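Read off the chains here:
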Amino acid sequence: MTDRKTDPAVQAALNYHRFPKPGKLEVRATKPLANGRDLARAYSPGVAEACIEIKADPDTARDYTARGNLVAVVTNGTAVLGLGNIGALASKPVMEGKAVLFKKFANIDCFDIEVNESDPVKLAEIVASLEPTFGAINLEDIKAPDCFIVEELCRKKMNIPVFHDDQHGTAIVVGAAATNALRVADKKIEDIKIVSTGGGAAGIACLNMLVALGAKRENIWLCDIAGLVHEGREEEMTPQKAAFAQKSDKRTLDEVIEGADLFLGLSGPGVLKPEMVKKMAGPPIIFALANPTPEIMPDDARAVAPDAIIATGRSDYPNQVNNVLCFPFIFRGALDVGATEINEEMKIACVEGIAKLARASSSAEAAAAYQGEKMVFGADYLIPKPFDPRLQAIVASAVAKAAIDSGVATRPVADMDAYKADLDSSVFRSAMLMRRVFEAAKSAERRIAFAEGEDERVLHAAHAMIDEGVDQPILIGRPEVVETRLERLGLPIRPGKDFEIVNPENDPRYRDYWETYHKLMARRGVTPDLARAIIRTNTTAIGAVMVHRGEAESLICGTFGQYLWHLKYLEEVLGSNDLHPVGALSLMIMESGPIFIADTQVHPNPTAEQVAEAAIGAARHVGRFGIVPKVALCSHSQFGNLETESGRKMRAAMAILDSEKRGFLYEGEMHADAALDPDLRARILPESRFEGAANVLVFANADAASGVRNILKVAAGGLEVGPILMGMGNRCHIVTPSITARGLLNMAALAGTPVAHYG
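Here's a quick rundown of the structure. Every value quoted in this text rests on a predicted model; they were computed, and no experiment measured them. (Residues numbered from 1 in each chain as written. Predicted model: local features only at pLDDT ≥ 70, side-chain atom pairs only at ≥ 80, totals over all residues. Heavy atoms only, no water.)

Another aspect to go through is the pattern of salt bridges. In the structure shown here, the tally under the stated rule is 43 salt bridges. Its salt-bridge partner being Asp59, residue Arg411 comes within 3.3 Å of it at the nearest N-O pair. Placement of the pair is Arg411 in the loop between α17 (390-405) and α18 (416-427) and Asp59 in the loop between α3 (47-56) and α4 (61-64), with a sequence separation of 352 residues. The exposure class assigned to Arg411 is partly exposed, which follows from its relative accessible area of 23%. It is possible to trace a salt-bridge network through shared partners that takes in Glu500, Asp507, Arg509, Arg549 and Glu551. (Salt bridge = Lys/Arg side-chain N within 4 Å of Asp/Glu carboxyl O. Helix = DSSP H or I, 4+ residues; strand = E, 2+ residues; numbered from the N terminus. Buried < 20%, exposed > 50% of the residue type's maximum accessible area, 1.4 Å probe, protein only.)

In structure tokens, the structure reads:
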């Protein structure tokens, strides 16, 4: 047995909790407190105004305090998973962890509250007294049957949601897994025999959920440490168990397992034996959820029943029944509509949302988080992965709608589609800014070619384009490779059916393409043989020729390779007197708002004319996002105080911009901090040309622009959209190898929409 004191895994876990500061939580202010004015508003006398409003209308507490997005995780530590009755204080790391999950998955603020009280009635009184502080209560790790008492009393006394996650969270995820397992097994819930072990809080809640989904009580056989729960039994009985008592002379699990369709285990290790699995109806559905060691190991079950459909509570096997699939999102939906409780309708909506998502194709984000796992609906993929970002919008909106429909919502959502979009925007930070672009893309119906059509990120992006109705993808790649990867990724789209594919090794248009390329390049040193070789091997050149011939409206390339290498072919094929690369524009989505950076890629050391062009192009593209551009020309020099190369260049660029009337605001040359801090700028130059912070930073060279872009992305947590290639009429864009599938989808939408006419 490993010594805990020397076990590296133990030390790593302890270090995680201890460093760089103890614990997993801290409290941060959401309002500034930098001067006397802020202090007067945050505390006396300004705080009184909020108090008066809440006194007059208690519902406004949601508007003036954090209560509407604040959940309490409450425990007395009497039934901590895998550890038992360890007491309130020792349970604190678990409760902090639960709070972290709330924040990570649903952006819900959370206080963990550990209470030294073993009497369930007194514990319920303590919890109920906390109602003014919180928008909802999550009860956690309270032993049965005390948990039933605490929850029932709190629900009666409180007018906010009270949810015992050990019961209902587990039941919801089990319900979703069972729904899909029965679909895979081609069985109906009303016809199946269910055998369950463990009569604790989670076990009883799961059985009640299965009944709510259509299972018949007479078909449910519950066993616990004393054997079958049967009529007349007195040992180890509770009212909750008695509801499932069978009228039978059978007494053991081995006796009742015969012909069972579903085994539900929430008991202990090794309870279900392989010889018992043999007695089950095929294909047997086995939910062995004891942790860390299940009732039967999946390999042992499959040794006697190869077709078994298995779920466990462990992350190292498929189909982990994990409450994080449920509790953040059911609370998110409940809080957003001001629900007074979490009722059965909301729980079933949660079940249906989770089950439906697993039947959909996997998201690119989930695939990236679980690399190497095949996430295709079936026996080994019954429920989605916790890091699937679609969970929030799908599940929370389903819960919110159920709350509204069942009459427990005090703040009903008027537009459910807009609500789902808002939920998406909280997960995908680009969603809010990109919403306008996506709406335009849906009406434009442009064909977007992808040069690296075999790339898995491209395949996910193409699927999302088809699924969301954003333009028509054309993939350049070998069909057999594309087919194999689509199959492995579990994406339902297929070449020739859902999208066009161009095979660089064998396409009937090959001759037309190389002849087109040769005609364009014949007087630039390209021979027919070289043209043939390029069009056989260079997918960027192929895509550019497609756009030139009108067979696609735009090309996206660059998921691998160097930016300027791709640019060379795009400029050769698609450049003209009217179209030439002006610069690369990167949108950085920051917590404080969007910032556009130019030129990050095209001109290493641009001239004043090229800087002016980049500023004009940036203003046009910023307008696509519904943002009024405020362009700052950035330099080490500030409003003429230095005679440096960049200062002279930016002053010359300002003169060029001043030579004509422009439809956007611009200012320079200045430091980046003066561009972003209007107070600082006002002290330096009171007569600045625009108020507020700049949202477009144009730099004097690519080193500076690219450096700022990377710092904002890595050190400041910015999310990049782009880079957008300016000056090429939206006919082509070059991304960078670090781009995600979501980034490619964003670029496809940008490639499919017109550019606003600023400048």
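On to the nonpolar core. Core analysis: the biggest nonpolar cluster contains 97 residues, and Ile137, Ile172, Leu210, Phe287, Ile330, Met346 and Ile354 have the highest contact counts within it. The greatest single-element share of this core, amounting to ten residues, is contributed by helix α8 (residues 165-185). Grouped together as the second largest cluster of nonpolar side chains are 63 residues, Met650, Ala653, Val698 and Met747 included. (Core = buried A, V, L, I, M, F, W, Y, C linked by side-chain atoms within 4.5 Å.)

Turning our attention to the packing of helix α22 (residues 510-521) against helix α24 (residues 539-548). Contact geometry for α22 and α24: axes closest at 10 Å, N-to-C directions at 85 degrees. Here α22 lies roughly perpendicular to α24, going by the angle between them. Here α22 contributes Tyr513, Thr516, Tyr517 and Leu520 to the contact with α24, which in turn contributes Ile542, Val545, Met546 and His548. Taken together, the residues that form the contact of α22 with α24 break down as six nonpolar, two polar and no charged. (Axes fitted to C-alpha atoms, helices over the stretch in contact; angles between N-to-C directions. Parallel < 35°, antiparallel > 145°, perpendicular 65-115°, else oblique. Contact = heavy atoms within 4.5 Å. Nonpolar A, V, L, I, M, F, W, Y, C, P; charged D, E, K, R; others polar.)

What follows deals with empty space enclosed by the protein. One way to see where empty space is left: roll a probe the size of a water molecule over the atoms. This structure, assessed with the given rule, holds three cavities of 30 Å³ or more. Each pocket or cavity is described by its volume, and for the largest cavity that value is around 40 Å³. Together, Val502, Asn503, Pro504, Asp507, Tyr510, Tyr513, Ile535 and Ile542 line the largest cavity. Split into classes, the residues belonging to the lining of the largest cavity amount to six nonpolar, one polar and one charged. (1 Å grid on protein atoms, 1.4 Å probe; cavity = no way out; pocket = protein on both sides within 12 Å on 5 of 7 lines; lining within 4 Å. Points joined across faces, edges and corners; volume = space filled by probe spheres on them.)

Buried within helix α23 (residues 528-537) we find Ala531, Ile534 and Ile535. Down the axis of α23, the buried side of the element spans an arc of 90 degrees, and every buried residue falls inside it. Turned more than 90 degrees away from the buried face of α23 sit Asp529 and Thr537, all of them exposed. (Arc of directions from axis to C-beta.)

Geometry only, nothing functional implied.
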